[in-house]
Amino acid sequence: MDTGHNHPAPPPLVSERPWPGLDAFDEAGADFFHGRDRETAALARCVEDSPLTVLFGRSGLGKTSLLKAGLFPRLRKRGYLPVLVRLDIRPEAPAFDEQLGAALFAEIRQREADAPTAVPGESLWQTLHRSDFELWSSQNYPLTPLIVIDQFEELFTLGRALGETVDRFRLTLGDLAENRIPEQLARRLQDDPRAAEGLDLRSRRYKLLISLREDFLAELESWCTAIPTLTRMRYRLLPMSAAQAFDAVYGSAASLMDESLARRIVSFVAAERQTQDAAAANPPPVGTGTDDPTATIEPALLSLFCRGLNERRLKAGNARFDATLLDSAKQGIIADYYASCVSDLPEKACRFIEGELITEKGYRNNFAREDAVPSILSAEQLEKLVALRLLRVETRLGVQRIELTHDLLTRVVREHRDRRRAEDEKAEIAKRAETARQAEELRRLQAEARAGRRFRILAGALALSLVAAVWQGWTALKQREIAVEARKLAVAQRETAENAANEAARAQAEEARQRKLAEQRLEHIVAGLRLKQAVLSGDSARIAQYLDSDLAETRVKFGASARYLNYRNPAGQKVYEFSLYPEAGTLPKDKASVGLVTYWMNHPTFKNSLLTAGPQQSFTARYTGWGCLHTVIALIEYVDPDKPPRIASFDMCDHMRTE
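On a predicted model such as this, the values are computed, not experimentally measured, just so you know.

A.B. asks: So what exactly am I meant to see when it comes to the overall build of the chain here?
C.D. replies: Across its full length, the chain carries 18 helices and 19 strands. When each of the 659 residues of the chain is scored for burial, the buried share is 41%. For the chain, restricting intrachain contacts to residue pairs at least 6 apart in sequence, the fraction spanning at least 24 positions comes to 70%. Surface exposure of the chain reaches about 36200 Å², of which carbon and sulfur atoms provide 52%.

Shown next, in the form of structure tokens:
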């Protein structure tokens, strides 16, 4: 269950297209997933031997592929029900333990497993510890749920803005991992031992696995106090060896290539400790492979290269791969990949990659993250490049450092750098040429000026006599003009003084008006806060007063609908999913300015009497239960803080529509 991450699903793998590129292998493509048999078996043993397993490794090593296409098919044969979850880490998302529970029952339905009915409001811990909680496959074999939380590091990145929510989930996960009775349930048991009826408090009929990037292990350590089991069973995923990479290439496409070509592909992608120039000038002959047994390969880059090469084969209409295709496509595939990664980056970020992450001779270099983020790259840009497998971040001697993921990329990066430098040099030459042209033009104008200076001396002498002749007449005329201007200036100064007085009066009036508006705005804000406090605290008396005030909303009409969920509660009543929503067309025309609608359910059976909904949900709130309410209070809040909230009341029973 990939909650809140609605990326389009990649096309299914087939024999003509057996590599997913940078996408992860899924369970349906397990037949094309090769090279990780040893890791799959080792990880399966970890799961079977421990209640909680931690899988970690660098970005780009295929952790998600190992889970989906390696571990899950193997464990299904051994009676496990894998439940993959990527948490939706947004403020408006359901609680994390609710997401785990929803994913569990969704997987149960998808696999048509026989299981007890879900109980609304029941925590995941209570569900897994119910005395009657047993899972049976459609073939009538018992199943053990394995809840897998992938991309766990997002709790430390996206979750920084949700501190209290993440802290609560740490305790919830600890209760599941340590088989610890939750604190709230423990207090109930102290007051009433009968609260344990229907629960097997010491049973553990489930397994847990979390998967995260290796560079977030330090953050995970801070959880070990609440969850000691996090330290007991860990499995580190390493890059592929050359032999594993060969299996990943040839095992997936034996019908499309011979072994020697598969080894050449591995040899090229390995690119271990040799410059790209040397590799290009002396390509290995057909039939040879990687000579260094310690060479390691990034699975993501290997899959990316194989997929790109295969697309070129299909475009050319070839039935099989050949050496000519490989030699012509080598750098083109990597170049296209690099160009796609940096196409949306600002020039400063591109220059950083090309100038700081490779040396002058084209070897990989690294750069301290704190010196690059955010002055050169934003944190979001770095995360995107890490997700695209272009860059990775590793901790060395306590310092996080950024580097290219592979030597295979250095030639393309250097070519981009050299091309950019050539363009810069060309621009500099053009700039110098323009500067020289302007200097020459200045010299020509200066020469012309010197030639004309002698003529101006002679003309000046003649002009002096003319000036002397007209000087007296001009002086008299000028004195008359000065007198006229003095009179105009006096009039203008008088008008300016009058205008200043009028402007001061207008400013005072405007200040008084603005002060009155500010007082009115403050009154609206205070009234709105009091209204919101009354609804959120469930103060019935104050709510009734506001419903009879000018803050009551009469234009917006609300409706309700009910969808039967095909089961009954212990009292035999039908259980429905109820929806509350504003009727279409009754919200103000400036609907986009409405920020939130909060519904107050005034009934003692509601554990959570407040339901909120924003524009993403069309202001529709949902809950599960077995009855409607005659009085529901709706609090309408606006994005504009100066606009006070409004309150409305409606009878959901009278407006009920059954689906």
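Having seen the model, we can carry on.
A.B. asks: Help me understand the state of the cysteines, please; the structure alone is not making it clear to me.
C.D. replies: A covalent bond bridging the sulfur atoms of two cysteines is what the word disulfide describes. According to the stated counting rule, one finds one disulfide in the structure shown. Paired through a disulfide, C628 and C653 show a sulfur-sulfur distance of 2.2 Å. Taking the sign of the S-S torsion, about 115 degrees here, the bridge from C628 to C653 comes out right-handed. Here C628 is found in the loop between β16 (621-625) and β17 (632-638), whereas its partner C653 is found in the loop between β18 (646-650) and β19 (656-658), with 25 residues between them in sequence. Judged by its relative accessible area of 34%, C628 is partly exposed.

A.B. asks: Hey, could you run me through unusual backbone geometry in this one?
C.D. replies: The bulk of non-glycine residues show a negative phi, and the bulk of peptide bonds are trans. Going from V373 to P374, the amide bond is cis rather than trans, its omega being 5 degrees. Mapped onto the elements of the fold, P374 is located in the loop between α15 (369-372) and α16 (379-387). Located in the positive-phi region is E112, a residue other than glycine, with phi close to 55 degrees. Within the chain, N566 stands out as a residue other than glycine whose phi angle is a positive 65 degrees. By the element assignment, N566 lies in strand β12 (residues 558-568). Take N566: its relative accessible area is 64%, and that puts it in the exposed class.

A.B. asks: Whenever I open this one, the packing of aromatic side chains confuses me. Can you help?
C.D. replies: Aromatic rings considered in pairs are described by the distance between their centres and by the relative angle of their planes. Under the defined criterion, the tally for this structure stands at 15 aromatic pairs. Residues F156 and W223 carry aromatic rings whose centres are separated by 5.8 Å and whose planes lie at 90 degrees to one another, so their mutual orientation is edge-to-face. You can see F156 sitting in helix α5 (residues 154-157) and its partner W223 sitting in the loop between α8 (217-221) and β6 (234-237), a full 67 residues away along the chain. Assessed through its relative accessible area of 2%, W223 is described here as buried. Judged by centre distance (5.1 Å) and plane angle (45 degrees), the ring pair of F268 and F305 falls under tilted. Residue F268 is located in helix α10 (residues 259-270), and its partner F305 is located in helix α12 (residues 299-316); the two are separated by 37 residues in the primary sequence. The class for F268 is buried, based on a relative accessible area of 10%.

A.B. asks: How should the side chain of Q126 be read in this particular structure?
C.D. replies: Turning to its location among the elements, Q126 is positioned in helix α4 (residues 124-128). Residue contacts for Q126: discarding those within four places in its chain leaves R188 and L199.

A.B. asks: Please clarify how the sheet that holds strand β13 (residues 574-582) should be interpreted in this entry.
C.D. replies: The strand order β16-β13-β12-β19 describes an open sheet built from four strands, whose pairing is mixed. Unpaired on one side and paired on the other, β16 and β19 mark the two borders of the sheet. Here the average twist between neighbouring strands, direction ignored, is 25 degrees. Where β12 and β13 come together, eight bridges link them in antiparallel fashion. Across the sheet, R563 pairs through a bridge with E577, a residue of β13.

A.B. asks: Explain the side chain of N179 to me, please; I cannot follow it from the model alone.
C.D. replies: The topology assignment puts N179 in the loop between α6 (163-177) and α7 (183-191). Those residues in contact with N179 that sit more than four places away from it in its chain are H129, G174, L201, R202, S203, R204 and Y206.

A.B. asks: Would you explain the environment of E553 in this entry?
C.D. replies: For E553, the location among the structural elements is in the loop between α18 (540-547) and β12. Sequence separation between E553 and L635 is 82 residues; the distance between their C-alpha atoms is 9.2 Å. Beyond its immediate sequence surroundings of up to four residues, E553 is in contact with I636, Y638, R646, I647 and A648. There is a polar contact of 2.9 Å between the side chain of E553 and the backbone nitrogen of R555. Here the side chain of E553 touches V556 through a polar contact of 3.5 Å, landing on its backbone nitrogen.

A.B. asks: Could you clarify how one ought to interpret the sheet that holds strand β15 (residues 610-613) in this entry?
C.D. replies: Remark on secondary structure: sheet strands pair via backbone hydrogen bonds, oriented parallel or antiparallel. The strand order across the open sheet formed by four strands is β15-β14-β17-β18, and the pairing between neighbours is antiparallel. Pairing within the sheet leaves two strands with one partner each, and these edge strands are β15 and β18. Adjacent strand axes in the sheet meet at a mean angle of 20 degrees, parallel and antiparallel pairs treated alike. Bridge count for strand β14 (residues 594-601) against β17 is seven bridges, and the pairing is antiparallel. Across the sheet, V594 pairs through a bridge with Y638, a residue of β17. Along the sheet face, α18 touches β14, β17 and β18 and points at about 100 degrees away from the line of β18.

A.B. asks: Can you help me understand the packing of helix α3 (residues 96-110) against α6 in this one?
C.D. replies: Packed helix pairs are specified by the crossing angle of their axes together with the interaxial distance, meaning the distance between the axes. Taken N-terminus to C-terminus, the directions of α3 and α6 make an angle of 55 degrees; their axes are 9 Å apart at the nearest point. Of the possible angle classes, the one that applies to α3 and α6 is oblique. Residues F96, D97 and L100 of α3 pack against T165, V166, F169 and T172 of α6. Broken down by class, the residue content of the contact of α3 with α6 amounts to four nonpolar, two polar and one charged.

What counts and what doesn't
Residues numbered from 1 in each chain as written. Predicted model: local features only at pLDDT ≥ 70, side-chain atom pairs only at ≥ 80, totals over all residues. Heavy atoms only, no water. Helix = DSSP H or I, 4+ residues; strand = E, 2+ residues; numbered from the N terminus. Buried < 20%, exposed > 50% of the residue type's maximum accessible area, 1.4 Å probe, protein only. Contact = heavy atoms within 4.5 Å. Areas by Shrake-Rupley, 256 points an atom, 1.4 Å probe, with all protein chains shown as cover. Disulfide = S-S within 2.5 Å. Phe/Tyr/Trp six-rings, centres within 6.5 Å; stacked < 30°, edge-to-face > 60°. Pairing = 2+ DSSP bridges. Axes fitted to C-alpha atoms, helices over the stretch in contact; angles between N-to-C directions. Polar contact = N/O pair within 3.5 Å; in protein donor to acceptor, adjacent residues only side chain to side chain. Parallel < 35°, antiparallel > 145°, perpendicular 65-115°, else oblique. Nonpolar A, V, L, I, M, F, W, Y, C, P; charged D, E, K, R; others polar.

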